[in-house]
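Working through the structure, step by step
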Amino acid sequence: MASTSPTTISGHLGTVSVTDQRGGATTWVASVIVTAFTPIPAATAIAAVNVHYVAGTITESGVTTVVPGTTDLTGVSPVVNGTSTGISSASWNPMISVDVPANAPPGVYSATITHSVA
Amino acid sequence: MPLIALPLLAGLILPAGALAAGSGGLGIRLVALPGASRDPLARSYIVDRLSPGTTLRRTIEIRNGTASPTQVAVYVAGADLQGGAFQFASGRTRNELSSWTSVSRSILNLPAGAETAETVSVHVPKMASSGERYAVVWAEISAAAPAGGGVTLVNRVGVRMYLGIGPGGAGHASFVIGSPTAQRSGSGEPLVVANVRNTGKRTLSIGGTLVLYDGPGGLQAGPIPVKLAAPLAPGMSAPATIALDGTLPRGPWRAELQLNSGFIERSAVSTIMFPDVIPVTAPGSGDRILFVFLLLALLAAVALVILIVRELRRGRGRLAPAI
């Protein structure tokens, strides 16, 4: 992660699945929050405002999903809303992209991404 | 039946997504009460109306659907309804309802495929004011942080809580703050002043912080602790006054005042510029100036007299030969 001009790094996070076995008419919200990307050795972190989440294609069964428009992950941001009519499931493989500012110091960057479903 | 979220514990190593497959996930469900309510919301979530001073107990089940023994953290965190949408607070952020709610065990060590019951207890304080409160009981698993950096994935599934608190407790608590303004004290200190009004039904002790940012040359100041001088009674107003260092540049600054009383938080932001420092005049110095002026006038007069006398003498000397 060392460059003199801003770059964007992205990758798939891995499949996220929500299975709703409560039955009947139910709803759920999947939200995401991310911490800043902090480098080792310690230097200026890449703030969460530079991290973006795109749910991509959602495979649905018995559920209707809506993806609200989210720009960054600084707060707990809803990424997929599900409305289920019975036992249902939804899965997606989100794309995470990080806008790396120009002159970000080289190093290994760490962050925590939390998915919340309720 | 459980609501199961299966965000697979995949490690993301930027820039390429290194994925790991997994099976199963973490599940949570509310155990329905016998003769459960016909309200569909109450079958999935903890929904009830309680009076101040009462207690509610509910059972939830948490299942480790993963293929390996897993440690599950169980906790209650705040939530809110914003524009009709249920909004989770980040991490373990507390609110009033979450602070009244406890779980029987905060850490569960669950073998693969195991399910366990947990008791959620809500103790509504006698002083609780009426109104709707929201929170979530979360079960959380976390992938171990990757060695040498990368992305740690945390997954949590929850049961929402919608609790209405009935009358009988203390009055509703609320307050508003006006825009921060810049002033100067009689002795020239820069002051930030904002009016605070108690719009609720109970006396509040209010405090918080002031931050000045976007100042000249990108300067920042604070956070500076703020405390209202005295508890504020319902319907009353009082200024929050923050005295700052005299060396602080005039501005302009963005002033952000954040005040809270318990879980009630309010903030106000404005652009401010401190008034000019008025030149300070020491008492009696005016007389001194007059004295100096008089002295100078006197000296000038003496010099004039000397000049006239000399001129007269010279004139006499010049006349003498003519006679």
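Bear in mind the structure is a predicted one, so any value in this text is a computation, not a measurement.

1. Thoughts on the overall build of chain B
The helix and strand tally for chain B stands at 3 helices and 19 strands. Residues counted as buried form 29% of the 323 residues belonging to chain B. Considering only residue pairs separated by 6 or more positions, chain B has 68% of its internal contacts joining residues 24 or more positions apart.

2. A look at the overall build of chain A
A tally of regular secondary structure across chain A gives 0 helices and 9 strands. Counting from the amino terminus, chain A carries its helices and strands in the arrangement β-β-β-β-β-β-β-β-β. Considering only contacts within chain A whose residues lie at least 6 apart along the sequence, 78% involve residues at least 24 apart.

3. A closer look at the sheet that holds strand β1 (residues 7-12) of chain A
One key point about sheets: their strands pair by backbone hydrogen bonds, in either a parallel or an antiparallel sense. All names here are of chain A. Spatially, 3 strands are ordered β1-β8-β5 in an open sheet, and the strand pairing comes out antiparallel. Either end of the sheet is taken by a strand with one partner, and the two such strands are β1 and β5 (51-54). On average, each strand axis in the sheet is tilted by 20° relative to the strand beside it, whichever way the strands run. When β5 meets strand β8 (residues 95-100), the two strands line up antiparallel, connected through 4 bridges. If you follow Val51 over to β8, its bridge partner there is Val98.

4. Focus: the sheet that holds strand β15 (residues 207-213) of chain B
All names here are of chain B. Ordered by their spatial adjacency, 4 strands build an open sheet running β16-β15-β18-β19, and the pairing between neighbours is antiparallel. In this open sheet, the two strands that pair with only one neighbour each are β16 (221-227) and β19 (264-272). Put simply, the sheet's adjacent strands are angled 15° from each other on average, direction ignored. With 7 bridges joining them, β15 and strand β18 (residues 253-261) adopt antiparallel strand pairing. Bridging from a neighbouring strand, Gly208 pairs with Leu259 of β18.

5. A short note on the environment of Val80(A)
Residue and element names in this part refer to chain A. When you line up the elements, Val80 lands in strand β7 (residues 77-92). In this structure Val80 comes out as buried when scored by C-beta crowding, with 23 C-beta atoms within 10 Å. A C-alpha to C-alpha distance of 7.5 Å links Val80 and Ala55, two positions 25 residues apart in sequence. Non-local contacts of Val80, meaning those with residues more than four positions away in its chain, are made with Ala30, Ala55, Ile58, Thr65, Val67, Ala90 and Trp92.

6. Here's the deal with the confidence of the model for chain A
The predicted model of chain A averages 85 in pLDDT, with 95% of residues at 70 or higher. Mean pLDDT values for the elements of chain A range from 85 in strand β4 (residues 38-40) of chain A up to 92 in β5(A).

7. Quick notes on the nonpolar core
Nonpolar side chains in soluble globular proteins tend to be buried together. The biggest cluster of nonpolar side chains holds 67 residues, and the ones touching the most others in it are Ala118(A), Ala135(B), Val136(B), Val137(B), Ala139(B), Val159(B) and Met161(B). Beyond its immediate stretch of four places on either side in the chain, Val137(B) contacts Ile60(B), Val76(B), Val103(B), Val120(B), Gly158(B), Val159(B) and Met161(B). Counting residues in each nonpolar core, the second largest holds 20 residues, with Val196(B), Leu204(B), Ala255(B) and Leu259(B) among its members.

8. So, the environment of Ser261(B)
All names here are of chain B. Inspection of the secondary structure assignment puts Ser261 in strand β18. Judged by the 23 C-beta atoms lying within 10 Å of it, Ser261 falls in the buried class. Along the sequence, Ser261 and Ser174 sit 87 residues apart, while their C-alpha atoms lie 8.6 Å from each other.

9. Observations concerning unusual backbone geometry
Residue and element names in this part refer to chain B. Note that the residue after Gly222, namely Pro223, is joined by a cis bond; omega there is 5°. Locating Pro223 in the fold gives a position in strand β16. Backbone torsion omega between Gly251 and Pro252 reads 5°, so that peptide bond is classified as cis. Looking at the secondary structure, you find Pro252 in the loop between β17 (237-243) and β18.

10. Observations regarding the environment of Ala55(A)
All names here are of chain A. When you line up the elements, Ala55 lands in the loop between β5 and β6 (58-66). Sequence separation of Ala55 and Leu13 is 42 residues, and the distance between their C-alpha atoms is 9.9 Å. Apart from residues no more than four positions distant in its own chain, Ala55 is found in contact with Val67, Val79, Val80, Trp92 and Pro94.

11. A look at the confidence of the model for chain B
All names here are of chain B. Chain-level pLDDT for chain B is 80 on average; 80% of the residues reach the 70-or-more range. Mean pLDDT across the elements of chain B ranges from a minimum in strand β1 (residues 3-5), with 47, to a maximum in strand β7 (residues 101-103), with 96. The low-confidence segment residues 1-23, where pLDDT is below 50, has 81 contacts with residues more than four positions distant or belonging to other chains. Scored as a whole, the predicted complex attains pTM 0.69, and scored at its interfaces, ipTM 0.90.

Cut-offs used in this document
- Residues numbered from 1 in each chain as written.
- Chains lettered and ligands numbered in written order.
- Predicted model: local features only at pLDDT ≥ 70, side-chain atom pairs only at ≥ 80, totals over all residues.
- Helix = DSSP H or I, 4+ residues; strand = E, 2+ residues; numbered from the N terminus.
- Buried ≥ 20, exposed ≤ 12 C-beta atoms within 10 Å, placed from the backbone.
- Contact = placed C-beta atoms within 7 Å.
- Pairing = 2+ DSSP bridges.
- Axes fitted to C-alpha atoms, helices over the stretch in contact; angles between N-to-C directions.
- pLDDT = per-residue confidence, 0-100.
- Core = buried A, V, L, I, M, F, W, Y, C linked by C-beta atoms within 7 Å.

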